[in-house]
Amino acid sequence: MKHIKSIKIRWISSGLLSAAFLAISFSLLVLSVWNSISPVSYWFILPISLLISLGLIQIFRLSKISEADVSRLLDQTYPQLEESFSLVLKNSEKLNMLEKLQIEKIKNEMQRIQAPALIYKRLKISAIFLVISILVSIFISTLDFGTLNNNSLGIEKEAKPAMPDKILPEISSIRLKIIPPAYTTKNTRVQQQFSATVEDGALLEWVIETSRPASKIKFIFNDKENIKLRSVNKSGTQWAVSKRINQPGFYQMELDGKLSELYKLETIKDEPASIRIITPKQYSTIDFGEPQKTNLQVQINDDYGINDTYISATISSGRGESVKFKEQVIRFNESMNGKQEYKLQKTIDLPKLGMVPGDELYFYINVTDSRKQQSRSDIYIVSIQDTAKLMSMDGMLGGINLVPEYFRSQRQIIIDTEKILKDKNSISEEEFKNRSNNLGIDQKLLRLRYGKFLGEETDEEIGEEHQETTVAEESAAFGNAEKIMDAYAHKHDIAEDATFFEPELKAQLKATLTEMWKSELRLRTYKPVEALPFEYKALRLLKDLQQKSRAYVSKTALKTPAIKSEKRLSAELDKIIQPSAERTILKSEEQNALKKSTSIIAKLKDGKKLNQSEYSILQNANRNLAAKASAQPGTYLKALGIMRKILSKSGNGKVSFGELSTMEVALQSMIKNEVKTPQATTAASKTSLSTEYFNSLKRQQP
């Protein structure tokens, strides 16, 4: 009995200890996260752990562990007890003979058994979990969850700048609240510096505290606009002002007549949405037999968000003076919810839009971003090929026909193919196959005729592919003059080099031969229905080639001015003078001031002092530099500050060599490169009659 009680005590103790370990682990994790968001004392771990421990004790049912449970555990753990350990718990007077004999049998085994390892399993798991929670808590303590807390309140903390601003000694603190415009969907953020990079249209609110009462504080923006700060408290130590920023620039603070450093304000422009149409191509044609649909795939990106997008479609039908246009808007299936990127798909059924063969669809994508900026893509054209126009003879009946006769034989093949399909039910199968095979032969002959334009002398050369040389062969042929000449020589035994067609025409002619080959294949296999789309496409490509080979030269005529009858044959030449052109080139004073400023900076590098005229030149350069800094503060603001340090009364001795080099680079970037233009000679004209007579006499002298 004593052995059972000791095991029971160990079991309960192990359960209590494991509950304590788990409670401490949970409490430590919760307090670590809490402390990262908001500082909190770790002494709270005691009451939290106590509450969790009480809950775990009830879950583990530690108070209900009995001696019967211990005996049952021992019987399951040790087979040598023969599941008879529970007999020890019974009253010896109530045991029968067999039960007493069984107790005597396992008596020695009961003395050797130990507490089962199963009662310590939960304790081991909880100890491992405690170690893991300690490591996780240490990791959490190294993270900064301040941004998470500010985001929940709608406020973000801005990262500390690499170069903090230099502020006046009288300023004890600065708090700049940046409220981005609504189209950015960004949260308000707060920083403790004057220089800022904000979104275009953001509202800035400054709150400045001074170490002593101030009578007047104002901001000077771009050396033009002055904004006075208002006093928040009666003592005059807290000042505030707000301003909406719509363009970049710089500003400085004036506190009771004392000026601060220059602070930059850079703006982040809202770029219009970018549209990329993946399919279809910008100019696409739907040939005969192809489905009259176009699959549109578009990718749209914007820096802040997209509110709306649609397809603006225009259908052109008819020809000449009877052309008609119909505009409509096609919506995508996906709704816009302000995301920054969308991948949209739309299958446009052309017959549902009212298009018939010969019509053209012009469409573009229109996108509206979160700032209501409109963006549109390029215009894409999808046309349905008109087979009736392909079969027409327009353009071939009048004028000189410079195109060979077989340019029109593809049309006859199409007519014969359609005739075979029409007569299929009225002729025998053998005759149908013979006529289809004969058409395939005609298609082959036509293909061979066109193949001559690509240097394909025989049928075997059609579609011939040349093997590419390997790296080893190229290295072996290095320095071989014949190999080099082969790359540029014009040889008739190579089909690719037999002609001097332009690459575009050659590629289209190859595509035409490919369509003819597909048509021939299906005609030879008695499938004229399948051959018909390829025949139409080959005809369309041929007509395109025919149009490209033509050149149009417009008729021009010389328009002479009307002759005045009173001046005709009067022999008055006093109004005819030598033509002359005059142009006055004025050098820019601004550029001269900048060029002279660079030489003055070089003088300062040598440690020399400046005179009054040089100071006036730097004053002009300072104005130009200020205008540049207001447009590009990130590039020119530092140089402007150095320039003003030089122009101050005690600035000469405080400007370092590195600062002078920085300002010199900024001035050099502002100087425009002058392009030398041809100048007219100033010599007098030598085309008078006397001069020509004198030169002629000199040439005739021996």
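For the structure, check the block above.
Computed from a prediction, not measured in an experiment: that's the story for all the values here.

For the structure on display, the rule yields 22 salt bridges. For Lys-218, the salt bridge is made with Glu-254, and the minimal N-O distance between the two is 3.5 Å. Pair noted here: Lys-218 is in strand 6 (residues 217–221) and Glu-254 is in strand 10 (residues 249–255), with a separation of 36 residues, a long-range link. On the basis of relative accessibility, which here comes to 15%, the residue Lys-218 falls in the buried class.

This next bit is on the packing of helix 9 (residues 429–451) against helix 12 (residues 503–524). Interhelical geometry of helix 9 versus helix 12 gives an angle of 165° and a closest axis separation of 8 Å. With respect to helix 12, the element helix 9 is oriented roughly antiparallel. The crossing of helix 9 and helix 12 is left-handed. Between helix 9 and helix 12, the residues in contact are Ser-436, Asn-437, Leu-439, Gly-440, Ile-441, Gln-443, Lys-444, Leu-446, Arg-447, Tyr-450 and Gly-451 and Leu-509, Leu-513, Met-516, Trp-517, Ser-519, Glu-520, Leu-523 and Arg-524, respectively. A class-by-class count of the residues in the contact of helix 9 with helix 12 yields nine nonpolar, six polar and four charged.

Here we have three strands laid out as an open sheet, ordered 13-15-18, and antiparallel in their pairing. Each edge of the open sheet is held by one strand with a lone partner, namely strand 13 (274–279) and strand 18 (341–349). Each strand axis lies, on average, 25° off the axis of its neighbour in the sheet, ignoring direction. As defined by bridge partners, strand 15 (residues 293–301) adjoins strand 18 across nine bridges and the pair is classed as antiparallel. Note that in strand 18 the partner of Gln-299 across the bridge is Lys-343.

Of note, Glu-205 is situated in strand 5 (residues 202–210). When its relative accessible area of 28% is taken as the criterion, Glu-205 is described as partly exposed. Residues Glu-205 and Ile-178, spaced 27 residues apart in sequence, show a C-alpha to C-alpha distance of 6.6 Å. Residues within four places of Glu-205 in sequence aside, it is in contact with Arg-175, Leu-176, Lys-177, Ile-179, Val-241 and Ser-242.

Scoring rules and cut-offs
- Residues numbered from 1 in each chain as written.
- Predicted model: local features only at pLDDT ≥ 70, side-chain atom pairs only at ≥ 80, totals over all residues.
- Heavy atoms only, no water.
- Salt bridge = Lys/Arg side-chain N within 4 Å of Asp/Glu carboxyl O.
- Helix = DSSP H or I, 4+ residues; strand = E, 2+ residues; numbered from the N terminus.
- Buried < 20%, exposed > 50% of the residue type's maximum accessible area, 1.4 Å probe, protein only.
- Axes fitted to C-alpha atoms, helices over the stretch in contact; angles between N-to-C directions.
- Parallel < 35°, antiparallel > 145°, perpendicular 65-115°, else oblique.
- Left-handed = near helix turned anticlockwise from the far one by under 90°.
- Contact = heavy atoms within 4.5 Å.
- Nonpolar A, V, L, I, M, F, W, Y, C, P; charged D, E, K, R; others polar.
- Pairing = 2+ DSSP bridges.

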